Amino acid sequence: MALSVVLGLALAGVLTGAPPVSAERFAAAVTEKPCEELGDVLIGALASPDKELANRAEAVVGRCGKRVTKDLAKASEDPEAAPRAMPLLARVAPELARELLPTRLGAGDAKARATVRSALAHALDRAPDPATAWLQFATKSSTEAANFDATRTLLGHLKDAGSAGKMRLFAGLSGDDDARYLLLPGLAELATSGDEDARKKLNSFLKEAPEPWIRERAAALCANVVCEGLVAAVADSNPRVRATALASLRGGFNPTGRAALTPSALAKLATDDPFPFVQVGAVDLLASAGPSDAVDQALLAALGARSTRVRGTAAQAFATRFSSGIAETASASTRLRALVGDDNEDGSVRGAAASALGNACDHEAIGVLRRTAIDGALPLATEAQIEAAKAAALALGRFSDEGARKELAAIKDPNVRADLRQAAGMAVAATPVCR
């Protein structure tokens, strides 16, 4: 069907909105009429706020297929029916959708525009030669708003769109900050496919964009792209950029940048940065480092951070490193034992420290672990004490200490929290691994 015919039908019939359709009228029409004659009844059902009726209309489209192409084309012009009609048109008649939907790009609110982009992408993917279809689509131009939405539609298919897609993307990135934010993933897409221009441009946004949210977006996308600017971004004036840069450095794409951040520099971030979520990012990066006394010392420093979250993350980092055999136990055990035994410390920190001591097979910690486990079973135990007690009990299960196991086996009182009783039972049943 020619585009002019479809548009003519649409303008003639539905720009003012589809007429209301009742469930009874729809059922009668579906029973009495062939698919080709459903017309406004089908369009009205697709536009209905009654989800059950609209779902029934979708099912009819699935049964009728191409026989309702004309109705779907008309429905795609109706503001109420379009959200359902456009995806159906792309599925039933992708060749018509590829002709019709580009004219709808850039119109309507954000939800309507997203519907058009999604349906059009589906129709392009269903072309006999999708790569050629995407390339041809990338060469089309129209209004500024439509061009921007067309570029957004290309995201995920820029490699298919070739140089035309790249040119459109780079042009879009010269727009306002909203446009740059939405199109930045396209740079990462091209960069991961080996495009050096895209990689350099992404790196430049990370280093030079005046808006912090653009730098943060670029830093996040650098998790899968080599970006030299990540090291400098760790010292960015915006804390979210710093935290995102640290998170991206943990990935496998920037080993040189990760190596450039010394343990002492990360320790300073972990203890001195005014934002705890940045401190946690530094501790996470330290936790994933290989065996190193300097790293262990930096994590020890983080155990003294002001933030509860940071102290707990540092203790958990030791638990992870001890279980992997990449941390020296002696230097950290004394400090971790002190944390477990500190009744004024947060329960999550004490629990993480207890787990670390168990993973370290620190026999000197058995005493404080026993006291911590028993304290959680006392009648007036606080939530924090119970949290620490559960971790302590599980840690004790790694040891063959008979006294500790008898004490844990005695935690059966129904007044003791069920989760602590369960942890104690698991510890007693566990096979000791610390000899």
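For the structure itself, consult the block above.
In this report, the structure presented in the accompanying data block is examined. Quantities reported herein were computed from a predicted structural model and do not represent experimental measurements. Counting restarts for each chain, with residues numbered from 1 along the sequence as it is written. In keeping with the predicted nature of the model, local features appear solely for residues at pLDDT of at least 70, side-chain atom pairs appear and are counted solely at 80 or more, and the whole-chain, interface and lining totals rest on all residues. Hydrogens and water are ignored here; the side-chain numbers use all heavy atoms of the structure.

## Some points on the environment of Asp284
Link 1 in the chain: One can find Asp284 in helix H19 (residues 276–287).
Link 2 in the chain: Placed 33 residues apart in sequence, Asp284 and Ala317 show a C-alpha to C-alpha distance of 7.3 Å.
Link 3 in the chain: Residues contacting Asp284, with those up to four places away along its chain left out, are Arg250 and Thr313. By definition, any uninterrupted DSSP run of H or I lasting at least four residues is a helix, any uninterrupted run of E lasting at least two residues is a strand, and each is numbered from the N terminus. Contacts were defined at the residue level, with two residues in contact if any of their heavy atoms lie within 4.5 Å.

## Thoughts on unusual backbone geometry
Link 1 in the chain: For Cys361, which is not glycine, the phi dihedral falls at a positive 55°.
Link 2 in the chain: Locating Cys361 in the fold gives a position in the loop between helix H23 (347–359) and helix H24 (366–375).

## Notes on the pattern of salt bridges
Link 1 in the chain: Between Lys or Arg on one side and Asp or Glu on the other, a salt bridge is scored when a side-chain nitrogen of the former is within 4 Å of a carboxyl oxygen of the latter. Scanning the model with the defined rule gives 25 salt bridges in all.
Link 2 in the chain: With a closest N to O distance of 3.0 Å, Glu228 and Arg199 form a salt bridge. Residue Glu228 is found in the loop between helix H14 (212–221) and helix H15 (230–233), and its partner Arg199 is found in helix H13 (residues 196–208); the two are separated by 29 residues along the sequence.
Link 3 in the chain: Taking relative accessible area as the criterion, Glu228 reaches 48% and is therefore assigned partly exposed.
Link 4 in the chain: Relative accessibility thresholds used throughout: buried, under 20% of the residue-type maximum; exposed, over 50%; partly exposed, between the two (1.4 Å probe, protein chains only). For Arg199, a relative accessible area of 14% translates into the label buried.
Link 5 in the chain: Where Arg242 meets Asp273, a salt bridge forms, and the shortest distance between an N and an O atom there is 2.9 Å. Here Arg242 is found in helix H16 (residues 239–249), whereas its partner Asp273 is found in the loop between helix H18 (263–272) and H19, with 31 residues between them in sequence. Just as Arg242 is buried, Asp273 falls in that class too.
Link 6 in the chain: It is possible to trace a salt-bridge network through shared partners that takes in Glu383, Lys390, Arg417 and Asp419.

## Focus on the packing of aromatic side chains
Link 1 in the chain: Two aromatic rings, drawn from Phe, Tyr or Trp (for Trp, its six-membered ring), form a pair once their centres lie within 6.5 Å of each other, and the interplanar angle then sorts them: stacked below 30 degrees, edge-to-face above 60, tilted otherwise. Under the definition given, this model contains 3 aromatic pairs.
Link 2 in the chain: With a centroid separation of 6.2 Å and an interplanar angle of 80°, the aromatic rings of Trp134 and Phe137 are classed as edge-to-face. You can see Trp134 and its partner Phe137 sitting in helix H9 (residues 130–139), 3 residues apart, about one turn around the helix.
Link 3 in the chain: Residue Trp134 is classed as buried on the basis of its relative accessible area of 0%.
Link 4 in the chain: Overall, the relative accessible area of 5% leaves Phe137 in the buried class.
Link 5 in the chain: As a reminder, the over-ring test applies to NZ of lysine and CZ of arginine, requiring each to be within 6 Å of the ring centre and within 35 degrees of the ring normal. Over the face of the ring belonging to Tyr181 we find Arg217, whose NZ or CZ atom lies 4.3 Å from the ring centre.
Link 6 in the chain: In this arrangement the basic side chain of Arg240 is found over the ring face of Phe277, its NZ or CZ atom lying 5.1 Å from the centre.

## A short note on the nonpolar core
Link 1 in the chain: In terms of nonpolar packing, the biggest core is built from 141 residues, with Leu202 and Leu336 touching the most fellow members.
Link 2 in the chain: Apart from residues no more than four positions distant in its own chain, Leu336 is found in contact with Leu303, Ala315, Phe318, Phe322, Ala353, Ala356 and Leu357. Residue types Ala, Val, Leu, Ile, Met, Phe, Trp, Tyr and Cys, when buried and joined through side-chain atoms within 4.5 Å, form a set referred to as a nonpolar core.

## With respect to the state of the cysteines
Link 1 in the chain: By disulfide we mean two sulfur atoms from cysteines, separated by a distance within 2.5 Å. Within this structure, the stated rule accounts for 3 disulfides.
Link 2 in the chain: Across a sulfur-sulfur distance of 2.0 Å, Cys222 and Cys227 are joined as a disulfide pair. One quick way to see it: the torsion about the S-S bond of Cys222 and Cys227 is about -80°, and its sign makes the bridge left-handed.
Link 3 in the chain: When its relative accessible area of 0% is taken as the criterion, Cys222 is described as buried.
Link 4 in the chain: Across the disulfide from Cys361 sits Cys434; the S-S distance is 2.1 Å. Disulfide Cys361-Cys434: torsion about the S-S bond near -70°, hence left-handed. Here Cys361 is found in the loop between H23 and H24, whereas its partner Cys434 is found in the segment after helix H27 (418–429), with 73 residues between them in sequence.
Link 5 in the chain: Looking at Cys361, the relative accessible area reads 25%, which means it is partly exposed.
Link 6 in the chain: Once the disulfide-bonded cysteines of the protein chain are ranked by sequence position, their pairing pattern turns out to be 1-2, 3-4, 5-6.

Function cannot be inferred from these measures alone, as they are strictly geometric.
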